[in-house]
Amino acid sequence: MRKLFAVTSGLIFGLGLIAGGMTDPVKVKAFLDLFGGWDPSLALVMGGAIAVGVFAFALAKRRTRSWTGELMEIPSSTVIDWRLIVGGVLFGIGWGIGGFCPGPALVALASGMGSAWIFVAAMVAGMLVHDRLLTPR
Amino acid sequence: MSIAWNTFTPGSALAGGLLIGLASGLYALGNGRVAGIAGIVASPLRALLSGARMAPEVTRVLFIVGLLLAPWVWRLFAPLPPATVDVGPVGLVAAGLFVGVGVRMGNGCTSGHGVCGLSRFSLRSLVNVLAFMGAGFATVFVLRHAI
């Protein structure tokens, strides 16, 4: 059952990304281009997702186990440090250059888009570089 | 600032957003986890490379499987919407490296901090979202209008 929930969640998430236009890097960049012809669509994607998410996470907060019996692993960290901010800035720079963020890039990769393969390979490399060299121990 | 009304797609954007919210909610309530793609990708990857047990990663791997199935399921009903990239391979590699390092350092991306974090009213996530949004706006401004 928990496996079914995981696959279904991923599938619906991906369909939402496609429907919302997140898998089109040029559309994403049109949202990030405040000083060109600004396309506010992605604000509605985010807004729509949060509108549903607020209710779901309010329910999730009150549970100790998930519907399928797994322990709840909802993050509880409230730490605000330079890694959180610099990490966000670096991610934003990459997002602005390519127009891809991780989820849509994976969907685009699966759809057979060549540039998404290049992006995802570099993204995975970046993750490994961070985990090997930039993780404080 | 001028709004590009000709490319503004409020209906499908909202519909997509609702689906993403539904999926995140399902993953939170059904599996007890946060649908943050950066972590969902990085965690099994790290387990694989360090030789750790893969059993705890099954849920994440299956979420990715679902994500990868999405364009195939979509195609059963309709052609995929057009998607275009306006940078070359060098730009894509640079973009990927920035995103990969950034989402690990900040511990989340548009989904984990953006959708799930903001839905939980997490101040920590809001700070990260403001950082990546601000940097995204600034980067596109510099690339398109300043150089």
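Residues numbered from 1 in each chain as written. Chains lettered and ligands numbered in written order. Predicted model: local features only at pLDDT ≥ 70, side-chain atom pairs only at ≥ 80, totals over all residues.

### Quick look at the overall build of chain A
Check the secondary structure of chain A and you find 6 helices and 1 strand. In chain A, the order of α-helices and β-strands from amino to carboxyl end is α-α-β-α-α-α-α. Each principal axis of the C-alpha distribution contributes one length, and for chain A these read about 45 × 40 × 30 Å. Nonlocal contacts in chain A, meaning residues at least 24 apart in sequence, comprise 38% of its contacts between residues at least 6 apart. (Helix = DSSP H or I, 4+ residues; strand = E, 2+ residues; numbered from the N terminus. Contact = placed C-beta atoms within 7 Å.)

### What to know about helix H1 (residues 2–20) of chain A
In this model H1 of chain A runs 27 Å from its N-terminal to its C-terminal C-alpha over 19 residues, within 8% of the 27 Å that 1.5 Å per residue would give. In terms of residue burial, H1 of chain A counts as a mostly covered element, since 14 of its 19 residues are buried. (Expected span 1.5 Å × (residues − 1). Buried ≥ 20, exposed ≤ 12 C-beta atoms within 10 Å, placed from the backbone.)

### Here's the deal with the interface of chain B and chain A
Facing 103 residues of chain B, the contacting portion of chain A comprises 108 residues. Breaking the side of chain B that touches chain A down by element, the ones donating at least two residues are strand E1 (2–3), helix H1 (10–31), helix H2 (37–50), helix H3 (58–77), helix H4 (89–105), helix H5 (110–119) and helix H6 (123–146) of chain B. Per-element tally for the side of chain B that touches chain A: the top contributor is H1 of chain B, with 21 residues. The class makeup of the residues in the side of chain B that touches chain A is 66 nonpolar, 30 polar and 7 charged. Relative to E1 of chain B, strand E1 (residues 37–38) of chain A is paired through 2 bridges, and the arrangement is parallel. Bridge assignment links tryptophan 38 of chain A to a residue of E1 of chain B, and that residue is isoleucine 3 of chain B. (Nonpolar A, V, L, I, M, F, W, Y, C, P; charged D, E, K, R; others polar. Pairing = 2+ DSSP bridges.)

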